[in-house]
Amino acid sequence: MTLPEPSSPLLSIRNLSVRLPGTGERSHAVKGVSFDLLRGEILCIVGESGSGKSISANAIMGLLPSYLRPEQGEILFDGQDLLKQSESELLALRGRRIGMIFQEPMSALNPTMRVGQQIAEVMDTHNAYPGTQRQQRVLELLELVGLPDPRTLQHSYPFRLSGGQRQRVMIAMALALEPDILIADEPTTALDVTTQAQILELIQKIQRSMGMGVMFITHDFGVVADIADRIVVMEKGLLVEQGVAAQILDAPQHPYTQRLIAAVPTGRSSVTAVAVGSAPVLDVRNLMKTYSTGGGLFKPARVVHAVNDVSFTVARGETLGIVGESGSGKSSIGKCLLKLQSIDGGQIFFDGQDIAPLSQSAFRPQRQKLQMIFQDPFASLNPRHTVGRILTDGPIANGVPRAEAERRARELLALVELEASAYDRYPNEFSGGQRQRVGIARALALQPDLLVADESVSALDVSVQAQVLALLQDIQQRLGVAMVFITHDLRVAAQICHKVGVMHQGCMVEYGTPEQILSNPKQLYTRRLIDAMPGKAWDRQRADASV
Amino acid sequence: MNILFSAISKLAKALGVIFAVVVVNFFLIRLAPGDPASIMAGEAGASDPQYVARLREQFGLDQPLLVQLWSYIKGILHFDWGFSYRMKLPVLDLILDRLPATLLLMGAAFVFSIVLGILLGVLSAKTRYTGQRRWLDSVIVSAALVLYATPLFWLSLLAIILFSVVLGWLPAFGMQSVGVELTGWAHIKDVALHLILPTVSLGTFYMAMYVRLTRASLLEVMGMDFVKTARAKGVSASHVMRRHVLRNGLLPVVTFCGIQLGQMAGGAVLTETVFGWPGIGRLMFDALMQRDYQLLLGIFLVTSAMVVLFNLLTDLVYRLVDPRIEFEGGK
Amino acid sequence: MKDFLRRFMKNKGAVVGLAIFLLVVGVAISAPFLYDGSPWMMVADPLMTPFQDAQYPLGTDMLGRDIAAGMAYGAQVSLLISLISTAVAVIVGVAIGAIAGYNGGWLDDLLMRITEFFQTIPQLAMAVVLVAIFTPSIYSIVGAIALVSWPPVARLVRSEFLSLRQREFVQAAVVIGLRPGRIIFTQILPNAMSSIIITASLMVATAILTESALSFLGLGDRNMMSWGFMIGAARTMLREAAWMSILPGLAILLTVLAINLIGEGLSDALNPQLRNRGEK
């Protein structure tokens, strides 16, 4: 990390305010925000959803939607106020002096245009690199961002590329004309952790060699700890703290910043030990799940082993973490355990009985013992049912009398720390974290012996995530329920699980306690996964400091 | 290899549909109330008992159903589609004689509707995008809404009233002027003049449909992420429209072409009837009036086959145009 | 419910459409009271022009029949046939689409082949053939229109079911032990309802156009005075009595337009909620 030079800032945002339309509870998306981007530094803008960080970035480029107009403030670049520039003046800047990359690589590229053409478009738009130089430059850029075989790749369509590769193409497009500033709006949030590590490395390398100013927006403090020179923290449209990275990370002043940092999982375990000798509630042996795609008269079908010979056990009151990236098969395991999918081999012993060969109707009476908490708080609750209905549907369908089910539901609302009035309200009146609590209550309503949490905190802001995790741990201690916790975040798993299994391409490559796995990983993949965890050094520092 | 493979399976599917229509035709006659032989003889032929008896024998109506079905199918394949008592001609000959006129009309109406429809749809969406001349968008949308609610046959009559009766600019009946023998350019000009009103009447409804479709598709694409990426590169609004929005937004319109053509075939019946255009639509109307069911079903078969083939063509065009389909459907 | 009405009312076009539609319904219902006796009766001199005689405000046709009466009774016919045939088509389409979408597998394939067949065949041509073969009557007309209209509903319902079935709240319903029938009726169907309603409303408009086309071609029920029939009967008098063609056609235009406007209003009112993801 280079030290910021004591010269005039590259970009200066002064007192920016963007009004929100309508009469919601918030009047402004962004209010009175001021900060600078210095030459040759990486500035990280951190905040949770709704903090206004993205809107600030879009305001710089003049890419805000028409219903969000900046009502006051200045954005100074090269002596000009960008907010007062005309569209044609801004067009000259975009792509040439300021480049931007976005969050969703899967939808950010034109699906009907070849990759090379899309990169060449930047040069065409600004009349740079005429003639054969353009082709040359495209190949240069593809190589610069680490894409294999540029000569062939330039003719590919985006759907041929993976998420990480598409993001590299985006970076190539943004850097084609060597802009002064690169704005990166959550560029790695939608990527796997190992891919994220590669992209972060790439951005740092390029920044060092080109000396650009980089404005990096993220919600992940681990990423911030790894790459930031200076940090800006935003909450609900306001700038709450800014300063040099080391200072903010180690000695945050503002209570919001302190709360955010405290909520980031350290990777140190916080579980209480389980009584030894408890018989396993769940005993999975040699689980197999395959998908076959395609296949016709002349072609054999392609067989994918989503779950390939996986075995593990979970005891009463214990939490097993299943960690993996996308495509590792971790979600498939969850679906197989609950028989939401058919199983292609192996046995699932639940309380001594093998449930794998049971038909749906034979299994139904046992369903109450195995419950699931889903990932997407916005899709896991029926938008047309009240919370009370959601909580009582299950018990009533399983034979519990209505009055009893209602009583239990209200007790559960208290257990998950929601107010009693929630019973008669609809899901769209609640936040993501609150909806997840309803999801937890729904699962508990049936008094299960095993809970499967399928990425249940992945869609939540980090502060809310910490609360929900604490709630889950509390519930486990009180009710003694066994849990299978599926996640892509090794830090979270290490924090709340007694045992962890690492999944890679359908196989469980490592299995042991978090300490064992983190300190002494046996497999190469596990090692890569651990190395890719953002903010490792910082985590260690914090954990040591809190001991 | 994959392209060939899917082309063959699509062709097989198309033939399957045509075959199904043949079978449906067969059963329709038998399901209708009344004696199948009299029905097939038609209103004119039913009064001739000898003819009816001959038909009964020819179609083996006293034989088991499956045998009848098989001989019916064989007949179709051997181009024996029945006989029209009233017109004294084989059904197939009658149809083939009139088919070119319908193809001309449908072709002209198709081109009219799709070219104007897409142009107006693009214009409409563009004004939304650039924010200039928004009133144009409202005008086009309202016009499309009204035209979409207009019955085809009524619009044809209105066109005749206005352009033929009141203004006297264009002919109202038939494909060519009666009583004169024209050749070469004069003939083409004559047909073209006669073609104008029917084309516009038939094409307007579908043009309105294309306007709505195109506009909706383009508006949806304009909100997509890759358009924002293009803007972030500094690409101007008109270039964004051309290179990114249009290319992706017009693809769904292509898939609808096949379906619209199917509806247009029905619309052709109405237009040809009103304008006396000598195509198979008009023939269908005549067959209805005369209760000539063999002819009617023959026309139905041809119309279905036409639509199925058009669907196949548009599907092929779509595959060529969308890069994601060329290869195995992508990730 | 209140939110829905508020959103609907915001769409001015939809409000206008609703007003026109209610007017048409009003006319249809009150036809027997306004004009007792059948519209087929010859009541006055033939070919009276409209706005000439207060008793026959829209004039008479070439047989001396009151055009206004014909249009009033025609409203009955159009509404009746279109509403019933749409109802039948929706019920059939929903049933087929739900079964195909929920079960998948070979059942889905089979049902989709059948649906595709009916969708590929030119609709008006098929309706014409069916009504002709089974002789025109209110039953054959309703049946024919329903038969050619159900495929789009089935496809829509199928795709809704396919996507909803994967939705997490439906999976949750499976996990808590609800039976498939219960899941379909309490979880999936209510969430597919808005699309079905919008499609159904637009189908009513198309049914009116189809019915009038059939009547125009002479395939209407002989006992029922229909707008399409009136236009068809007026063809020979295009020069002398243009109003005979124009007026019923206007009625069709206005009614169909009104229904389309209502459909758009419903669409706006029922689908404003795209899932609220927190802005990032």
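As the structure is a prediction and not an experimental result, all values here were calculated from the model. (Residues numbered from 1 in each chain as written. Chains lettered and ligands numbered in written order. Predicted model: local features only at pLDDT ≥ 70, side-chain atom pairs only at ≥ 80, totals over all residues.)

## Considering the overall build of chain C
In terms of regular secondary structure, chain C is built from 10 helices and 0 strands. The order of helices and strands in chain C, counted from the N terminus, is α-α-α-α-α-α-α-α-α-α. With respect to the three principal axes, the spread of C-alpha positions in chain C is 75 × 45 × 30 Å. Taking all 280 residues of chain C together, the buried fraction comes to 51%. Within chain C, counting contacts between residues at least 6 apart in sequence, those at least 24 apart form 69% of the total. (Helix = DSSP H or I, 4+ residues; strand = E, 2+ residues; numbered from the N terminus. Buried ≥ 20, exposed ≤ 12 C-beta atoms within 10 Å, placed from the backbone. Contact = placed C-beta atoms within 7 Å.)

## A closer look at the overall build of chain A
A count of helices and strands for chain A gives 20 helices and 20 strands. The C-alpha radius of gyration of chain A comes to 26 Å, within 12% of the 24 Å expected for a compact globule of 547 residues. Referenced to the eigenvectors of the C-alpha coordinate spread, the extents of chain A come out at roughly 70 × 60 × 45 Å. Per-residue burial over chain A gives 50% buried out of 547 residues. In chain A, once contacts between residues fewer than 6 apart in sequence are set aside, the share between residues at least 24 apart is 71%. (Rg over C-alpha atoms; globule rule 2.2 N^0.38 Å.)

## Focus: the interface of chain C and chain B
Across the boundary between the two partners, chain C contributes 31 residues, which contact 39 residues of chain B. Elements supplying a minimum of two residues to the side of chain C that touches chain B: helix H4 (105-120), helix H5 (123-133), helix H8 (180-216) and helix H10 (243-270) of chain C. Taken together, the residues that form the side of chain C that touches chain B break down as 22 nonpolar, 8 polar and 1 charged. (Nonpolar A, V, L, I, M, F, W, Y, C, P; charged D, E, K, R; others polar.)

## A closer look at the pairing of strand S9 (residues 230-235) of chain A
Residue and element names in this part refer to chain A. Most of S9 is tucked away, with 6 of its 6 residues classed as buried. A two-sided burial pattern is seen for S9, the buried positions comprising Arg230, Val232 and Met234 on one face and Ile231, Val233 and Glu235 on the other. Bridge count for strand S3 (residues 42-46) against S9 is 4 bridges, and the pairing is parallel. Each bridged residue has a counterpart across the sheet, and for cysteine 44 the counterpart in S9 is isoleucine 231. Across 6 bridges, S9 lies against strand S10 (residues 238-244) in antiparallel orientation. Across the sheet, residue methionine 234 finds its bridge partner in S10, namely leucine 239. A loop of 2 residues connects S9 with S10, the two strands running antiparallel in sequence, and lysine 236 in this loop sits at a positive phi of about 50 degrees. (Pairing = 2+ DSSP bridges.)

## Brief notes about the sheet that holds strand S17 (residues 450-454) of chain A
Residue and element names in this part refer to chain A. Reading across the sheet, the 6 strands line up as S16-S17-S18-S13-S19-S20 and stay open at both edges, with mixed pairing between neighbours. In this open sheet, the two edge strands, each paired with only one partner strand, are strand S16 (370-373) and strand S20 (507-512). Each neighbouring strand pair of the sheet contributes to a mean axis angle of 20 degrees, computed without reference to strand direction. Of the strand pairs in this sheet, strand S13 (residues 319-323) and strand S18 (residues 482-487) are connected by 5 bridges, and their pairing is parallel. What sits directly across from isoleucine 322, in S18, is isoleucine 486. (Axes fitted to C-alpha atoms, helices over the stretch in contact; angles between N-to-C directions.)

## What about the pairing of S18(A)?
Residues and elements named next belong to chain A. When you tally the buried positions in S18, you get 6 out of 6 residues, the bulk of the element. Every second residue of S18 is oriented toward a common face, with Ala482, Val484 and Ile486 on one face and Met483, Phe485 and Thr487 on the other, all of them buried. Pairing geometry for S17 and S18, over 5 bridges, is parallel. Bridge pairing in S18 links alanine 453 to phenylalanine 485. Where the polypeptide runs from S17 across helix H16 (residues 462-479) and back to S18, its parallel neighbour, the crossover connection is right-handed. (Right-handed = clockwise from strand over helix to strand, strands pointing away.)

## Here we look at the sheet that holds strand S14 (residues 345-350) of chain A
Residues and elements named next belong to chain A. A sheet is described by the order of its strands in space; here 4 strands give the open sequence S12-S11-S14-S15, paired in antiparallel fashion. Strand pairing shows two members of the sheet lacking a second neighbour, strand S12 (302-315) and strand S15 (353-354), which therefore form its edges. Examined bridge by bridge, strand S11 (residues 280-293) and S12 share 11 bridges and lie antiparallel to one another. Along S12, the bridge assignment pairs threonine 290 with histidine 305. Along the sheet, helix H11 (residues 330-337) makes contact with S11, S12 and S14, crossing S12 at roughly 65 degrees.

## A few points about the nonpolar core
Ranked by size, the top nonpolar core spans 338 residues in total, and within it A:Met215, B:Leu296 and C:Val128 carry the most contacts. Dropping the residues within four chain positions of it, A:Met215 is found in contact with A:Leu37, A:Leu43, A:Ile45, A:Ala57, A:Ile181, A:Ile183 and A:Ala184. (Core = buried A, V, L, I, M, F, W, Y, C linked by C-beta atoms within 7 Å.)

## A closer look at the environment of C:Leu147
Along the chain, C:Leu147 turns up in helix H6 (residues 138-166). Taking the C-beta count within 10 Å as the criterion, C:Leu147 has 19 such neighbours and is therefore assigned partly exposed.

## Overview of the packing of helix H5 (residues 91-130) of chain B against helix H6 (residues 134-148) of chain B
Residue and element names in this part refer to chain B. Closest axis-to-axis distance for the H5/H6 pair is 8 Å, and the angle between their directions is 140 degrees. The pairing of H5 with H6 is recorded here as oblique in orientation. Crossing hand, H5 versus H6: left-handed. Contacts from Leu120, Leu123, Ser124, Thr127 and Arg128 in H5 reach Arg134, Leu136, Asp137, Ile140 and Val141 in H6. (Parallel < 35°, antiparallel > 145°, perpendicular 65-115°, else oblique. Left-handed = near helix turned anticlockwise from the far one by under 90°.)

## Details of unusual backbone geometry
Residue and element names in this part refer to chain A. Even without being glycine, glutamate 178 reaches a positive phi, approximately 50 degrees. With respect to the element layout, glutamate 178 can be found in the loop between helix H6 (163-175) and strand S7 (181-185). According to the C-beta neighbour criterion, glutamate 178 is partly exposed, with 13 such atoms within 10 Å. Phi at glutamate 417 takes a positive value of approximately 60 degrees, unusual for a residue other than glycine. Position of glutamate 417 among the secondary structure elements: in the loop between helix H14 (402-415) and helix H15 (432-444).

## Brief notes about the packing of helix H12 (residues 280-289) of chain B against helix H13 (residues 293-321) of chain B
All names here are of chain B. H13 packs onto H12 with a crossing angle of 150 degrees between their chain directions and a minimal axis gap of 9 Å. Considering their axes alone, H12 and H13 lie roughly antiparallel with respect to each other. The interaxial crossing formed by H12 with H13 has left-handed handedness. Where H12 abuts H13, its residues Ile280, Leu283, Met284, Ala287 and Leu288 lie against Leu295, Leu296, Ile299 and Val302.

## Some points on the confidence of the model for chain C
All names here are of chain C. When pLDDT is averaged along chain C, the result is 87, and 97% of the positions lie at 70 or above. In the model of chain C, helix H1 (residues 2-10) stands out as the element of lowest mean pLDDT, 81, in contrast to helix H7 (residues 168-175), which has the highest, 93. Counting interchain partners and residues more than four positions distant, the pLDDT-below-50 stretch residues 273-280 has 12 contacts. (pLDDT = per-residue confidence, 0-100.)

## Things to note about helix H8 (residues 184-222) of chain B
Since the α-helix packs 3.6 residues into each turn, any two residues three or four apart lie on the same face. The first and last C-alpha atoms of H8(B) sit only 49 Å apart over 39 residues, clearly below the 57 Å expected at 1.5 Å per residue. Of all the bends found along H8(B), the most pronounced is centred on B:Thr204 and spans about 40 degrees. (Expected span 1.5 Å × (residues − 1). Bend = angle between axes of the 7 residues up to and from the residue.)

## Overview of the interface of chain A and chain C
Contacts between the two partners involve 27 residues from chain A, matched on the other side by 19 residues from chain C. The set of elements that each furnish at least two residues to the side of chain A that touches chain C consists of S16, helix H13 (387-397) and H15 of chain A. Among the elements that line the side of chain A that touches chain C, the one with the most residues is H13(A), at 3 residues. When its residues are assigned to classes, the side of chain A that touches chain C shows 9 nonpolar, 11 polar and 7 charged.

## So, the confidence of the model for chain A
Per-residue confidence for chain A gives a mean pLDDT of 89, with 96% of residues at or over 70. Model confidence for chain A, summarised as mean pLDDT per element, is weakest for helix H20 (residues 536-546) of chain A at 74 and strongest for S3(A) at 95.

## Overview of the environment of B:Ala208
Residues and elements named next belong to chain B. Along the chain, alanine 208 falls in helix H8. On a C-alpha basis, the gap between alanine 208 and valine 141 in space is 8.8 Å, while along the polypeptide they are 67 residues apart. Those residues in contact with alanine 208, other than ones at most four positions away along the chain, are Ala144, Leu147 and Tyr148.

## With respect to the environment of B:Gly281
All names here are of chain B. With respect to the element layout, glycine 281 can be found in helix H12. Distance in space between the C-alpha atoms of glycine 281 and threonine 303 is 9.1 Å, their sequence separation being 22 residues. Filtering out sequence-adjacent residues up to four positions away, glycine 281 remains in contact with Thr102, Ala268, Val269, Thr271, Glu272 and Thr273.

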